[in-house]
Amino acid sequence: MAGKPVLHYFKARGRMECIRWLLAAAGVEFEEKFIECPEDLEKLRKDGKLMFDQVPMVEIDGMTLVQTRAILNYIATKYDLYGKDVKERALIDIYTEGILDLTEMFIQLAKCPPDQKEAKISMIKDRTKNRYLPAFEKVLKSHGQDLVGNRLTRVDIHLLELLLYIEEFDASLLAPFPLLKALKSRLSSLPSVKKFLQPGSQRKLPLNAKQIEEGKKIFNIK
Ligand SMILES: N[C@@H](CCC(=O)N[C@@H](CS)C(=O)NCC(=O)O)C(=O)O
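If you're wondering where the values come from, they're calculated on a predicted model, not measured in any experiment.

As for the overall build of the protein
Now for step 1: For the protein, the count of helices and strands is nine helices and four strands.
Now for step 2: Seen in sequence order, the protein has helices and strands lined up from the N terminus as β-α-β-α-β-β-α-α-α-α-α-α-α.
Now for step 3: Computed over the C-alpha atoms, the radius of gyration of the protein is 18 Å, within 12% of the 17 Å expected from 2.2 N^0.38 for a compact globule of 222 residues.
Now for step 4: Expressed along its principal axes, the backbone C-alpha trace of the protein runs to roughly 50 × 50 × 30 Å.
Now for step 5: For the protein, with 222 residues in total, the buried portion stands at 44%.

Here it is in structure tokens:
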């Protein structure tokens, strides 16, 4: 029997967190090997495991996977969270890309120089309130409780993760979106998700400036 997937990343959310979320929601146990110093990174490089010299990297089913989207696609396909046909998959891809675009803005906020922070925060609030959340509320209004098809898919999980980040950032942003709030409560009570939401799970704290500085030092990025 194949062992647990092994996730290689910093001890931080960053680009690995959506992968942790998807595995956890699918009920898959995983191990983590944190890159905590340049030597940890060097070892992975020497073993030829970082194709583009970047992480996230996941060892799963005898393969070494890199590129966040490729890793998510593999996990979603393997655990049947990627829709029932090519049309559902197209919708899932569209919604996923929108979610990843907004998630990336939160990642970039943590990297933002202090003098640009205020402008970035106001841009994120504007995009959240006026672009992304209305779009997903509209999907739920016209479609029903799951975003695509009539069962759970990866995109429900990606959206839940994003809604929790938004709530952490400014809970008032969620107020005008009752269907999204209902989705958040419903998914949060799924047993696998509930377990991941508990303190002490492999879920990570928000990315902060210190973690980014440490990551840059490890990669020797100026
Ligand atoms: N397109 C890649 C981007 C990965 C990426 O930029 N990873 C960062 C850490 S979050 C990294 O490894 N940076 C070091 C570098 O690019 O040299 C993905 O989605 O996985």
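Here's the deal with the environment of Asp93
Now for step 1: Topologically, Asp93 is positioned in helix 4 (residues 86-111).
Now for step 2: Relative accessible area serves as the criterion here: at 32%, Asp93 is assigned to the partly exposed category.
Now for step 3: Taking the C-alpha atoms as reference points, Asp93 and Ile60, 33 residues apart in sequence, are found 22 Å from one another.

Section: the site of the ligand
Now for step 1: The full set of residues close to the ligand is Tyr9, Arg15, Gln54, Val55, Pro56, Gln67, Thr68, Phe219 and Ile221.
Now for step 2: Within the side chain of Arg15, one N or O atom sits 3.4 Å away from an oxygen atom of the ligand.
Now for step 3: Separating a nitrogen atom of the ligand from a side-chain N or O atom of Gln67 is a distance of 2.7 Å.
Now for step 4: Taken by itself the ligand offers 500 Å² of open surface, and the protein chains cover 73% of this.
Now for step 5: Grouping the amino acids of the shell around the ligand by side-chain chemistry returns five nonpolar, three polar and one charged.

Topic: the packing of aromatic side chains
Now for step 1: Evaluated as defined, the whole model comprises five aromatic pairs.
Now for step 2: When the centroid spacing of 5.1 Å and the interplanar angle of 65 degrees are considered together, the rings of Tyr9 and Phe10 count as edge-to-face.
Now for step 3: Since its relative accessible area comes to 7%, Tyr9 is described here as buried.
Now for step 4: Under the relative-accessibility criterion, Phe10 is labelled buried at 16%.

Re the UniProt feature "domain: GST N-terminal" (unreviewed entry) in the protein
Now for step 1: Following the UniProt record, one finds the feature "domain: GST N-terminal" (unreviewed entry) at residues 3-83.
Now for step 2: Across residues 3-83 one finds 36% helix and 20% strand; the C-alpha atoms that close the span lie 26 Å apart.

Structural notes on the nonpolar core
Now for step 1: Counting 63 residues, the largest nonpolar core has Phe10, Ile19, Val55, Leu147, Leu159, Ile166 and Leu180 as the members making the most contacts within it.
Now for step 2: Element by element, the count of residues in this core is highest for helix 6 (residues 154-170), at eight residues.
Now for step 3: Discounting chain neighbours no more than four positions away, the residues touching Leu159 are Ile99, Phe136, Leu147, Leu180 and Leu183.

Observations concerning the pairing of strand 2 (residues 31-34)
Now for step 1: In terms of strand pairing, strand 1 (residues 6-9) meets strand 2 through four bridges, oriented parallel. Bridge pairing in strand 2 links His8 to Lys33.
Now for step 2: Each parallel crossover has a hand, and for strand 1 linked through helix 1 (residues 17-25) to strand 2 it is right-handed.

A look at the pattern of salt bridges
Now for step 1: Throughout the structure, instances matching the rule amount to 19 salt bridges.
Now for step 2: Between Glu104 and Arg15 there is a salt bridge; the shortest N-O distance is 3.0 Å. Here Arg15 lies in the loop between strand 1 and helix 1 and Glu104 lies in helix 4, a separation of 89 residues in the sequence.
Now for step 3: Judged by relative accessible area, which is 34%, Arg15 ranks as partly exposed.
Now for step 4: In this structure, a network of salt bridges that share partners links the residues Glu17, Arg20, Glu32 and Lys204.

Observations concerning unusual backbone geometry
Now for step 1: Note the cis peptide between Val55 and Pro56, where omega equals 10 degrees.
Now for step 2: Positive phi values are uncommon outside glycine, yet Gln67 reaches one of about 75 degrees.
Now for step 3: As for its position among the elements, Gln67 is in the loop between strand 4 (63-66) and helix 3 (68-78).
Now for step 4: In this structure Gln67 comes out as partly exposed when scored by relative accessible area, which is 40%.
Now for step 5: Look at Asp80: it is not a glycine, yet its phi comes out positive at around 60 degrees.
Now for step 6: Asp80 gets classed as partly exposed once you look at its relative accessible area, which sits at 44%.

Calculation rules
Residues numbered from 1 in each chain as written. Predicted model: local features only at pLDDT ≥ 70, side-chain atom pairs only at ≥ 80, totals over all residues. Heavy atoms only, no water. Helix = DSSP H or I, 4+ residues; strand = E, 2+ residues; numbered from the N terminus. Rg over C-alpha atoms; globule rule 2.2 N^0.38 Å. Buried < 20%, exposed > 50% of the residue type's maximum accessible area, 1.4 Å probe, protein only. Near = heavy atom within 4 Å. Polar contact = N/O pair within 3.5 Å; in protein donor to acceptor, adjacent residues only side chain to side chain. Areas by Shrake-Rupley, 256 points an atom, 1.4 Å probe, with all protein chains shown as cover. Nonpolar A, V, L, I, M, F, W, Y, C, P; charged D, E, K, R; others polar. Phe/Tyr/Trp six-rings, centres within 6.5 Å; stacked < 30°, edge-to-face > 60°. UniProt positions renumbered as here; feature names shortened; annotations may be inferred. Core = buried A, V, L, I, M, F, W, Y, C linked by side-chain atoms within 4.5 Å. Contact = heavy atoms within 4.5 Å. Pairing = 2+ DSSP bridges. Right-handed = clockwise from strand over helix to strand, strands pointing away. Salt bridge = Lys/Arg side-chain N within 4 Å of Asp/Glu carboxyl O.

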